[in-house]
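Residue-level structure breakdown
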Amino acid sequence: MSSPSKDPRPFKRAILKLSGEALREPGSTDNISPEIVDRIALEIKEAVATGLELGIVVGGGNFWRGASASARGMDRATADYVGMLATVMNALALEGALEHHGVSCRVQSAIEMKNVAEPFIRRKAERQLEDGKVVIFAAGTGSPFFSTDTTSALRASEMGVDVILKATQVDGVYNADPRKDPNAVRYETVTFQECLTKRLSVMDATAFSLCMDNHIPIIIFDLGPAGNLSHALRGLPIGTLVHGE
Ligand code: UDP
């Protein structure tokens, strides 16, 4: 295992990647749980109060995934546009909860939707981050055939962040699937190169190579337990850190 010398913590600016499923109560038919969104907003509020500059990329998988719809016969590009619009609903729900708790927040959408969100303008987003506003990047990259993991890698590269915090349903990267193998061991730190040679799954290939090429470390952690999000946002040890050599 690698030395944690490339650990970005403590960090000043981060992108938080939330999957759409993170906003849904497990087992519920409601796509968005207002209670979960509220809890996420409160943990974000705590962390940004310490001076963290935070951008958020939210997925749309709680509503729709382009690849699944395309496997069932829909044109892939059309299905992906539907998926990108789904991310906007999640972004608005999150923005509402953050504003409700007094956190200044802006949604910037990669697909123009001026009545509900600002269009994505990189320099404006940078200024908003510098001003302490939370910026939610909605509508993915604005292009089909990409994922919101790739969006997080792209926005992280553009915004010059120190780290991507990827909130998932597992508590890090393992040497085997922990749901199938009881002897699976979690890495505290692992390099990009080790992930490639050991075929460890961290993000999709496009997202992963953007992070590796642009030297953006990724922290994978479990969003489930209360307090984990604020812990990760405050740069305390959690999950698995994926970093360069
Ligand atoms: N999507 C896209 N381009 C992007 C980002 C997302 O076409 O740049 C579409 C794609 O169909 C994807 C859906 O939006 O399945 C929802 O995003 P994702 O699956 O990444 O959401 P998550 O799994 O994180 O909830």
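Residues numbered from 1 in each chain as written. Predicted model: local features only at pLDDT ≥ 70, side-chain atom pairs only at ≥ 80, totals over all residues. Heavy atoms only, no water.

**Thoughts on the pairing of strand β3 (residues 105-109)**
Stated precisely, the cut-off is as follows: Categorising residues by exposure relies on relative accessible area from a 1.4 Å probe, with only protein chains included: less than 20% of the type maximum marks a residue as buried, more than 50% marks it as exposed, and the intermediate range marks it as partly exposed. Numbered from the N terminus, helices here are DSSP runs of H or I no shorter than four residues, and strands are runs of E no shorter than two. The criterion for strand pairing is that DSSP finds at least two bridges linking the strands in question.
In terms of residue burial, β3 counts as a mostly covered element, since 4 of its 5 residues are buried. Two elements, β3 and strand β5 (residues 134-138), share 5 bridges in a ladder whose sense is parallel. For C105, the partnering residue across the bridge sits in β5 and is V134. The sheet contact formed by β3 and strand β4 (residues 118-119) spans 2 bridges and is parallel. Paired with S109 across the strands is P119, a residue of β4.

**Looking at unusual backbone geometry**
Looking along the chain, the bond that leaves R9 and enters P10 is cis, with omega of 0°. The topology assignment puts P10 in the segment before β1 (13-18). For A139, which is not a glycine, the phi torsion comes out positive at approximately 65°. Look at A139 and you get buried, because its relative accessible area is 0%. If you check the backbone angles, H215 has positive phi at about 55° while not being a glycine. Position of H215 among the secondary structure elements: in the loop between α7 (205-213) and β8 (218-222).

**Quick look at the site of the ligand**
The cut-off we apply is this: Being near a molecule or strand, for a residue, comes down to having at least one heavy atom within 4 Å of it. Any pair of N or O atoms that falls within 3.5 Å is considered a polar contact. Within protein, one atom must be able to donate a hydrogen and the other to accept it, and sequence-neighbouring residues count only if both atoms are side-chain atoms. All accessible areas in this document rest on Shrake-Rupley with a 1.4 Å probe, and a residue is counted as covered only by the protein chains that are shown.
Neighbouring the ligand are 21 residues; G20, G61, D80, T141 and T148 lie closest to it. For the ligand, an oxygen atom lies 2.8 Å from a polar atom in the side chain of K17. Between the ligand and T141, the relevant distance is 2.6 Å, taken from an oxygen atom to a side-chain nitrogen or oxygen of the residue. Considered on its own, the ligand offers 520 Å² of accessible surface; in the complex 92% of this is hidden by protein. Secondary structure elements with two or more residues in the shell around the ligand: α3 (76-100) and α5 (148-159).

**Looking at the packing of α5 against α7**
Definition in use: Each axis is a line fitted through C-alpha atoms, and for a helix only the stretch in contact is used; angles between axes span 0 to 180 degrees, taken between their N-to-C directions. An angle counts as roughly parallel when it lies under 35 degrees, as roughly antiparallel when it exceeds 145, as roughly perpendicular when it falls between 65 and 115, and as oblique in every other case. For any helix crossing, the convention is left-handed if the near helix is rotated counterclockwise from the far helix by under a right angle, and right-handed if that rotation is clockwise. Residue contacts follow a heavy-atom distance rule, with two residues in contact if any of their heavy atoms lie within 4.5 Å. Note on residue classes: Ala, Val, Leu, Ile, Met, Phe, Trp, Tyr, Cys and Pro are nonpolar, Asp, Glu, Lys and Arg are charged, and everything else, Gly too, is polar.
One can describe the packing of α5 onto α7 by two numbers: an axis separation of 8 Å at closest approach and a directional angle of 15°. As judged from the angle between their axes, α5 and α7 are roughly parallel. Two packed elements cross with a definite hand, and for α5 against α7 that hand is left-handed. Residue-level contacts link D149, T150, A153 and L154 of α5 to T206, A207, L210 and C211 of α7. Looking at the contact of α5 with α7, its residues break down into 5 nonpolar, 2 polar and 1 charged.

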